[in-house]
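Structural characterization, general
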Amino acid sequence: MDDDAHDWSLLPLDLLRLLGEKLQLPHRIVFRTVCKSWCSALPSVSVPYPWLLLPAEQIDDDSCTFLPLPSDNEHHSYFKFSPVPPLHGMCYAGSNGGWVAIVDLAFHVSLLNPLTCAQIDLPSLLHLFPCESLPNCGGYRFYKTDGNSYFHELETCRDYRIMKVVFSSNPTPNNYMAMVICNGFPSAYTKAGASKWINLDFFTHDIIYYDGLFYAVMGGPSYIIAIDLSGDDPIKRVIIDDDIEFFDSLPICEYHYHYLAFSSTGELFLILRRAEYVYLDPDDDDDDDDDDDDPIKHETIGLMVFKYNCESSSYWDEVRCLGNKSIFVGMNNAYLLSIEDFAGLEANCIYFTDTWEGSRCNADKGRSNLDIGVFNLEQKKFQRYCLPYEITLPPPIWFIPSM
């Protein structure tokens with residue numbers, strides 16, 4: 001009988017269970033995505049910690065790589081999977097739980113569960129920008145307010161303009177809300193039933209979704225608002241309007257990244273990240289053609305955590321110990337997780353992935369020096385992570401696999 005004639009869903013459940021139980025965790029999750037009978041053969045899989053979603057190793061490879069918590073050595077436990085649609089050429093613009101926001105070169109946005117292949121198409125982001133497509137030239141012409149214009153290549157345009165896509169938990173085609181952070185343009189939002197993204201009248205540093213609302217960092221590092229998108233029009237409410245007095249060990253500068261995170265009990269945290277360009281040491285330069293003024297990488301050099309305290313005069317208390325919790329930041333909806341619920345995590349740490357600015361710097365220089373690692377908040381020490389292969393763009397993104 002021809003192999004195509006076999007109905008693999010009719011295999012005995014006992015046999016499927018024996019086979020599935022011999023698989024490692026990542027493969028057991030994929031095993032349950034094959035069909036309903038294979039899913040019922042194995043119990044629901046509990047994921048012990050967030051994973052990194054990596055882009056394909058080869059340019060013509062449509063697969064993606066799932067990497068459980070990386071390590072500081074070159075021996076990795078990872079596996080590849082080819083979701084539909086193919087992810088080649090996509091940028092990972094955000095994640096929430098087991099869903100990832102992907103954006104193609106034409107600014108089409110989708111929410112994708114890379115394990116189940118469930119996909120939700122959102123409106124295109126292109127109309128948010130004053131530009132026109134030039135397909136014969138491979139890019140877009142952007143128009144300035146003074147009437148002048150400039151050209152952006154396709155990939156450069158998308159990677160430079162789209163900073164982050166944030167969306168509601170457990171989205172469905174008929175029930176989702178999303179916001180986007182744009183570089184040089186105001187934030188915007190859309191939701192199920194809308195035909196386009198709608199511009200807002202403010203800029204944001206970071207946005208997070210929590211318990212039905214979006215929370216955004218605006219202006220200064222501690223100006224926090226809540227945005228309710230459930231009605232016909234967005235409702236904006238100021239939560240905190242107060243500046244933090246920064247310490248000399250981490251002075252505020254243009255390289256700061258700001259992240260919001262909520263604990264499972266509703267406590268609000270603000271994470272500050274300082275990254276700087278690292279330049280080539282002239283004494284170590286063996287290549288006369290290199291420009292010593294060009295950075296060789298973009299690297300995180302400090303992190304601080306603050307906890308909202310409405311009874312404090314400054315509204316914020318610096319946190320030097322997270323107890324049994326750790327924080328995951330990057331392009332994702334920031335997670336604050338307990339090591340009791342996610343085995344394998346290190347307590348009192350901040351896990352971070354590269355930023356678009358950092359990975360873009362690496363890509364421009366043709367290097368793969370991604371800024372990925374873990375920072376021990378109490379010891380003030382970094383541990384840099386190795387990846388199974390070289391990556392420039394897009395940067396990896398944290399997500400928590402779900403079915």
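Residues numbered from 1 in each chain as written. Predicted model: local features only at pLDDT ≥ 70, side-chain atom pairs only at ≥ 80, totals over all residues. Heavy atoms only, no water.

As recorded in an unreviewed UniProt entry, the protein chain goes by KIB1-4 beta-propeller domain-containing protein and comes from Zingiber officinale.

**Description of the pairing of strand β24 (residues 335-338)**
For clarity, the threshold we go by: Note on exposure labels: buried denotes an accessible area under 20% of the residue type's maximum, exposed denotes more than 50%, and partly exposed covers the range between, all computed with a 1.4 Å probe on protein chains only. Starting at the N terminus, helices and strands are each numbered in turn, a helix being any DSSP run of H or I of at least four residues and a strand any DSSP run of E of at least two. At least two DSSP bridges between two strands are needed for those strands to be called paired.
Residues Tyr335 and Leu337 of β24 are buried on one face, and the alternating residues Leu336 and Ser338, pointing to the opposite face, are buried as well. Both strand β23 (residues 325-329) and β24 contribute to a ladder of four bridges, which runs antiparallel. Paired with Ile327 across the two strands is Leu336, which belongs to β24. Linkage of β23 to β24, two consecutive antiparallel strands, is achieved through a turn of five residues, within which Gly330 is found at a positive phi near 155°.

**What to know about the packing of aromatic side chains**
Keep this limit in mind: The rule is short: rings of Phe, Tyr and Trp, with Trp giving its six-membered ring, pair when the centres are within 6.5 Å, and they are stacked under 30 degrees, edge-to-face over 60, tilted in between. Charge-over-ring contacts are defined here by two conditions on Lys NZ or Arg CZ: a distance within 6 Å of the ring centre and an angle within 35 degrees of the ring normal.
Tallying each qualifying case throughout the model produces 15 aromatic pairs. One aromatic cluster is present, formed by Phe107, Phe129, Tyr140, Phe142, Tyr150 and Phe185 through successive ring pairs. Above the face of the Phe142 ring, Arg161 is positioned so that its terminal group lies 4.9 Å from the ring centre. The aromatic ring of Phe382 is capped on one face by Arg384, whose charged end is 4.5 Å from the ring centroid.

**Details of the sheet that holds strand β17 (residues 223-228)**
Just so we agree on the cut-off: Axis definition: a line fitted to C-alpha atoms, limited for helices to the stretch in contact. Angles are taken between N-to-C directions and run from 0 to 180 degrees.
With antiparallel pairing, four strands are arranged side by side in an open sheet as β15-β16-β17-β18. Whereas interior strands pair on both sides, the edge strands pair on one side only; in this sheet they are β15 (206-210) and β18 (235-241). Across this sheet, the average inter-strand angle for adjacent strands is 25°, counted without regard to direction. Both β17 and β18 contribute to a ladder of six bridges, which runs antiparallel. By the bridge assignment for β18, Tyr223 is matched with Asp241.

**Notes on the pattern of salt bridges**
Rules: Here, a salt bridge means any Lys or Arg side-chain nitrogen found within 4 Å of an Asp or Glu carboxyl oxygen.
Tallied over the entire structure, the rule returns seven salt bridges. For Lys307, the salt bridge identified is with Glu267, shortest N-O distance 2.7 Å. Separated by 40 residues along the polypeptide, Lys307 in strand β21 (residues 295-308) and Glu267 in the loop between β19 (256-262) and β20 (268-279) bring together distant segments of the chain. Taking the relative accessible area as the measure of exposure, Glu267 reaches 28% and is therefore partly exposed.

**Side note on the sheet that holds strand β6 (residues 109-112)**
Strands belonging to one sheet form pairs held by backbone hydrogen bonds; the direction of such a pair is parallel or antiparallel. The sheet built from four strands is open, its strands ordered β4-β5-β6-β7 with antiparallel pairing. In this open sheet, the two strands that pair with only one neighbour each are β4 (91-96) and β7 (119-122). Sheet twist, expressed as the average angle between the axes of neighbouring strands with direction ignored, equals 25°. Summarising the sheet, β6 and β7 pair through four bridges and their orientation is antiparallel. From the neighbouring strand, Leu112 faces β7, where its bridge partner is Gln119.

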